[in-house]
Each structure stands twice: as structure tokens, then as C-alpha cells.
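Coordinate inspection notes
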Amino acid sequence: MLQAKNLSMRYEGKLALKNLSFTVAPGEIFCLLGQNGAGKTTTINIFLGLIEPTSGEALIGNSSIIKNKSSRSAIAYIPEIVQLYGNLSGLENLEFFSRLAGFVYSQEELASFLQCANLQEEAHKKRLSTYSKGMRQKVGIAIALAKNANYILMDEPTSGLDPKASVEFAKICKELSTNGVAILMATHDIFNAVNIGSKIGIMREGTLVHTTETSKISAQELQDLYIKTI
Ligand SMILES: Nc1ncnc2c1ncn2[C@@H]1O[C@H](COP(=O)(O)OP(=O)(O)OP(=O)(O)O)[C@@H](O)[C@H]1O
């Protein structure tokens, strides 16, 4: 389980997170919504161990991200634009990043991760520089699969994806969650949040002001609640 326990974060006098607490259990997809500056990326960056909270704790299982750096190996990260090597193919990028995480796979195994991430076979050996944003993201998902990550953090993963790519992305996220992966996703996309998430949190000025299960709310109701809240 991912757990935020009373997280606060102060940047040069500005309080960006105020006593933020939530959990993301295995199999859950928790989508964080909120205006620009609400604190979503700060939350993700704390779980990535990139910044240290001013107070409170970010836990993976029972391990503190700060105190136990090895706990980070269970995490994969999919940013808005997945950064990969443009002159390597999808397959070569996957091989490189898997090795970096300590996993050595055969070419067949690597291809099967790309297949699970829904990257069409004819693209596997093409240079990354020829890939669309959605295709890059699929390589990012394949890397998460190859790392055997129990936790995946995502920051604006659907921004700029066309509707078909978003639907495919939602499907893969749901498959991952069915396999027990816990996903924490920051997004501005209300429709995708309802579609992908199992739980939604609305943040305002560093606090979580609403948490709801997606089964209990429609996209229209969520939009109304969001507008009322922020
Ligand atoms: N490195 C930093 N130094 C100072 N202030 C920062 C820093 N990073 C973020 N902030 C401030 O912290 C607050 C939260 O920012 P954060 O990026 O977490 O918001 P967000 O919800 O992810 O926004 P967006 O939707 O625009 O990505 C903002 O007021 C921002 O200006």
C-alpha cells in the first residue's frame, strides 16, 4: 500500500502541502485532481523520493521512502512525456531501462512486455524518435511491467493523448490494477479520472478536500463537484 501520512511541504516560505493523508491499496487507482498549483506534482515527487517532505511521511508498504531508499525499487514512474533515448528502438530502450533496474530479459520476453503494453509489433524495432506520444507511453508502461513494479506513479499521463490512445491507456491501467498494482495518478482530465480511477481525490491549496469512489459518481457529477470545490 502507498500511504501519505500528514504530509506537509514548504517551499521557501510557501506551504504547498498541508497535512495530506491518503492510502492507495493494491489494485486501487487513485486519481488526484486539482487546479494548477494544488500540490499534485509535489505529492508525486515526494513518493518518488525526489523531494523530502517538511513533515509527515510517505510510506511504501511499511517503509518510509526517505529512510529506506531501497523501497523505491518497487515503484515505476510514468510522466507526462516519457523520456527515452530517441536513437534507440522501443525494444532497446526497454532492454536498457530494465537492465538499469537490475532485470535481464531475453528478446522474446522484452517483446512480450511491449505487446502487453499494446505497442504494435512493427514499431518494436523502430527508433524512438519516430514514435508518437502514445507510443512512448506504451514503452513507459512496458518498462513498469518489466520492473515488476507494485506501485506506479503517473503525472498527467493522458494529456495530449487522442481519445483512442486514452481508452487504450485506461484499459492497460485497469489490467495492471487487476493484477494488484497500486496506481497514483495526477491528472487534469475529469473524464479520464472517472474512467480510469477507482478513487478520486480533489486537492485545493495543498489539502485533499474531497475523496470519492468512482463507482459512486458520474463524470458530470464529478465536474460539478470539482467546480464547486476549487
Ligand atoms: N521547486 C519549487 N520551489 C518553490 N515552489 C514550488 C516548487 N515546486 C512547486 N512549488 C509550488 O508549490 C505549489 C504546488 O505546486 P505543484 O507543482 O505541486 O502543483 P500541481 O498541482 O502539480 O500543479 P500543476 O497542475 O500546474 O502541475 C505551487 O504553488 C508551486 O508554485
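Calculation rules
Residues numbered from 1 in each chain as written. Predicted model: local features only at pLDDT ≥ 70, side-chain atom pairs only at ≥ 80, totals over all residues. Heavy atoms only, no water. Near = heavy atom within 4 Å. Polar contact = N/O pair within 3.5 Å; in protein donor to acceptor, adjacent residues only side chain to side chain. Areas by Shrake-Rupley, 256 points an atom, 1.4 Å probe, with all protein chains shown as cover. Helix = DSSP H or I, 4+ residues; strand = E, 2+ residues; numbered from the N terminus. Nonpolar A, V, L, I, M, F, W, Y, C, P; charged D, E, K, R; others polar. Pairing = 2+ DSSP bridges. Patch = residues over 30% accessible without salt bridge, like charges linked within 9 Å, V, L, I, M, F, W, Y side chains within 5 Å. Salt bridge = Lys/Arg side-chain N within 4 Å of Asp/Glu carboxyl O. Buried < 20%, exposed > 50% of the residue type's maximum accessible area, 1.4 Å probe, protein only. Axes fitted to C-alpha atoms, helices over the stretch in contact; angles between N-to-C directions. Parallel < 35°, antiparallel > 145°, perpendicular 65-115°, else oblique. Contact = heavy atoms within 4.5 Å.

Let's shift gears to the site of the ligand. Around the ligand, the neighbouring residues are Tyr11, Lys14, Ala16, Gln35, Asn36, Gly37, Ala38, Gly39, Lys40, Thr41, Thr42 and His188. Between the ligand and Thr41 there is a distance of 2.8 Å, counted from an oxygen atom to a backbone nitrogen or oxygen. In isolation the ligand offers 640 Å² of accessible surface; the protein chains occlude 63% of this area. If you list the elements that add at least two residues to the shell around the ligand, you get strand S2 (14-24) and helix H1 (40-47). Considering every element that reaches the shell around the ligand, the biggest residue donor is H1, with 3 residues. Considering only residue class, the shell around the ligand consists of 3 nonpolar, 7 polar and 2 charged.

A sheet is described by the order of its strands in space; here 4 strands give the open sequence S2-S1-S4-S5, paired in antiparallel fashion. Two strands close off the open sheet at either side, each with one partner strand: S2 and strand S5 (63-64).

A cluster of nonpolar side chains, Tyr85, Phe96 and Leu100, forms an exposed patch at the surface whose accessible area comes to about 310 Å². Relative to the elements of secondary structure, Phe96 occurs in helix H2 (residues 90-100).

Here the focus is the pairing of strand S3 (residues 29-34). Summarising burial for S3: 6 of the 6 residues are buried, a large majority. The alternating pattern of S3 places Ile29, Cys31 and Leu33 and Phe30, Leu32 and Gly34 on opposite faces, both of which are buried. The pairing of S3 with strand S9 (residues 199-204) spans 5 bridges and is parallel. For Phe30, the partnering residue across the bridge sits in S9 and is Lys199.

The next point concerns the packing of H2 against helix H3 (residues 107-116). It is the contact of H2 with H3, at a shortest axis distance of 10 Å, that shows an interaxial angle of 105°. With respect to H3, the element H2 is oriented roughly perpendicular. Here H2 contributes Gly90, Leu91, Leu94, Glu95 and Ser98 to the contact with H3, which in turn contributes Gln107, Leu110, Ala111, Phe113 and Leu114. Along the lines of polarity and charge, the residues of the contact of H2 with H3 split into 6 nonpolar, 3 polar and 1 charged.

Spatial strand order, S6-S7-S8-S3-S9-S10: 6 strands in an open sheet with mixed pairing. Of all the strands in the sheet, just strand S6 (75-78) and strand S10 (207-213) have a single pairing partner and so form its edges. Neighbour to neighbour, the strand axes of the sheet diverge by 20° on average, direction disregarded. Across 5 bridges, strand S7 (residues 151-155) lies against strand S8 (residues 182-186) in parallel orientation. In the sheet register, Ile152 faces S8, and the bridge partner there is Ile183.

Here we come to unusual backbone geometry. With phi around 35°, Glu12 is a residue other than glycine that occupies positive phi space. Unusually for a residue other than glycine, Glu205 sits at a positive phi of about 45°. Among the secondary structure elements, Glu205 is positioned in the loop between S9 and S10.

This part covers the side chain of Thr43. Checked against the element boundaries, Thr43 lands in helix H1. By relative accessible area, Thr43 is classed as buried at 0%. There is a polar contact of 2.7 Å between the side chain of Thr43 and the backbone oxygen of Gly39.

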